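Topology and contacts: notes
One letter stands for each residue in the lines below.
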Amino acid sequence: DVKVTQSSRYLVKRTGEKVFLECVQDMDHENMFWYRQDPGLGLRLIYFSYDVKMKEKGDIPEGYSVSREKKERFSLILESASTNQTSMYLCASSPLHMDTQYFGPGTRLTVL
Amino acid sequence: AQKITQTQPGMFVQEKEAVTLDCTYDTSDPSYGLFWYKQPSSGEMIFLIYQGSYDQQNATEGRYSLNFQKARKSANLVISASQLGDSAMYFCAMRPSNYGGSQGNLIFGKGTKLSVKP
């Protein structure tokens, strides 16, 4: 079975803090994705990566950065957390030439 | 613009009955993929079913089937014999291309909340 894990299920941070959300997949997938999910807005793509050290902006990259130093790990970074970044963050991965994305359990981030 | 529309914010169905969740899409790409995901209250997105734009037959996976009508640009999910465990949010999604790589991101609808009544 494909397994995608995220470092925390719940996280509470203060405004201005630097926040790291970690995602690890164990199936040697090339593609990895970060989404945020908000009520009434569905899932929106923040960043994705199709190879180590490669990254591309999604629909809402502002206020976020990413890092992919190893194939299995894709990190989402909030350089200076703000209250409007309170959300559910979902990581996903997929093989290079297959369509289905497999998701982690999500991290519910609250910024106070 | 590429877009997924789910017009039903919430649906109720009686246990053991079938239910159809609507999804329409908009794309000018000649090839694309369509997906349905289930999200229980625990939060994890669970892949249910996939349909490629060139697939001749409707996709089926157990109790799930995808009613693909290409000319109408619709990809409705049919769940047969509903179970209490089917209560969840359901998201329709589109991948603009059938290939992976840098075009592999998904576009999601806003979801439909399905509640199964005993």
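Shown above is the structure to which this text applies.
Residues numbered from 1 in each chain as written. Chains lettered and ligands numbered in written order. Predicted model: local features only at pLDDT ≥ 70, side-chain atom pairs only at ≥ 80, totals over all residues. Heavy atoms only, no water.

Observations regarding the nonpolar core
Going by this rule: What is meant by a nonpolar core is a set of buried Ala, Val, Leu, Ile, Met, Phe, Trp, Tyr and Cys residues, joined one to another through side-chain atoms within 4.5 Å. When a residue's accessible area, from a 1.4 Å probe over protein chains only, is under 20% of the maximum for its type it is buried; when over 50% it is exposed; and in between it is partly exposed. Helix and strand assignments come from DSSP, with helices taken as H or I runs of at least 4 residues and strands as E runs of at least 2, each series counted from the N terminus. Should any heavy atoms of two residues lie within 4.5 Å, those residues are considered in contact.
Among the nonpolar cores identified, the biggest contains 26 residues, and Trp36, Leu77, Tyr90 and Leu114 of chain B are the most heavily contacted of them. Listed by contribution, the elements that provide at least two residues to this core are β2 (10–14), β3 (19–21), β5 (33–39), β6 (46–52), β8 (64–69), β9 (74–79), β10 (88–95) and β12 (112–117) of chain B. In terms of residue count, β10 of chain B provides more of this core than any other element does, four residues in total. If near-sequence neighbours (up to four positions away) are discounted, Leu114 of chain B is found in contact with Met11, Val13, Val19, Leu21, Ile79, Asp86, Ser87, Ala88 and Tyr90 of chain B. Among the nonpolar cores identified, the runner-up in size contains 20 residues, and Met32, Trp34, Leu78 and Ala81 of chain A belong to it.

So, the state of the cysteines
Put simply, the test is: Note on terminology: disulfide denotes any pair of cysteine sulfur atoms within 2.5 Å.
Evaluation of the coordinates by the stated rule reveals two disulfides over all chains. In this model, Cys23 of chain A is linked to Cys91 of chain A through a disulfide, with the two sulfur atoms separated by 1.8 Å. Negative torsions about the S-S bond denote left-handed disulfides, and the value of about -75° found for Cys23 of chain A with Cys91 of chain A makes this one left-handed. Residue Cys23 of chain A is located in strand β3 (residues 19–25), and its partner Cys91 of chain A is located in strand β9 (residues 87–94); the two are separated by 68 residues in the primary sequence. There is no split in this pair, since Cys23 of chain A and Cys91 of chain A are both buried. Each sulfur in the disulfide pair Cys23 of chain B and Cys92 of chain B lies 2.0 Å from the other. An S-S torsion of about -65° defines the bridge between Cys23 of chain B and Cys92 of chain B as left-handed. Linking Cys23 of chain B in the loop between β3 and β4 (24–26) with Cys92 of chain B in strand β10, this pair joins segments that are 69 residues apart in sequence. With respect to burial, Cys23 of chain B and Cys92 of chain B carry one shared label: buried.

Here we look at the pairing of strand β5 (residues 42–49) of chain A
All names here are of chain A. Threshold: Strands pair, by our definition, only if DSSP identifies at least two bridges between them.
Across the eight residues that make up β5, a large majority, seven, are buried. Relative to β5, strand β4 (residues 31–38) is paired through seven bridges, and the arrangement is antiparallel. Each residue of the ladder has a partner; that of Trp34, found in β5, is Tyr47. In textbook terms, the turn of a hairpin is the stretch between consecutive antiparallel strands, and for β4 and β5 this stretch comprises three residues, one of which, Gly40, has a positive phi near 80°. Taken together, the two bridges between β5 and strand β6 (residues 56–57) define a ladder with antiparallel strand orientation. Paired with Phe48 across the two strands is Glu56, which belongs to β6. Taken together, β5 and the strand that follows it, β6, pair antiparallel across an intervening segment of six residues, in which Lys53 is found at a positive phi of about 70°.

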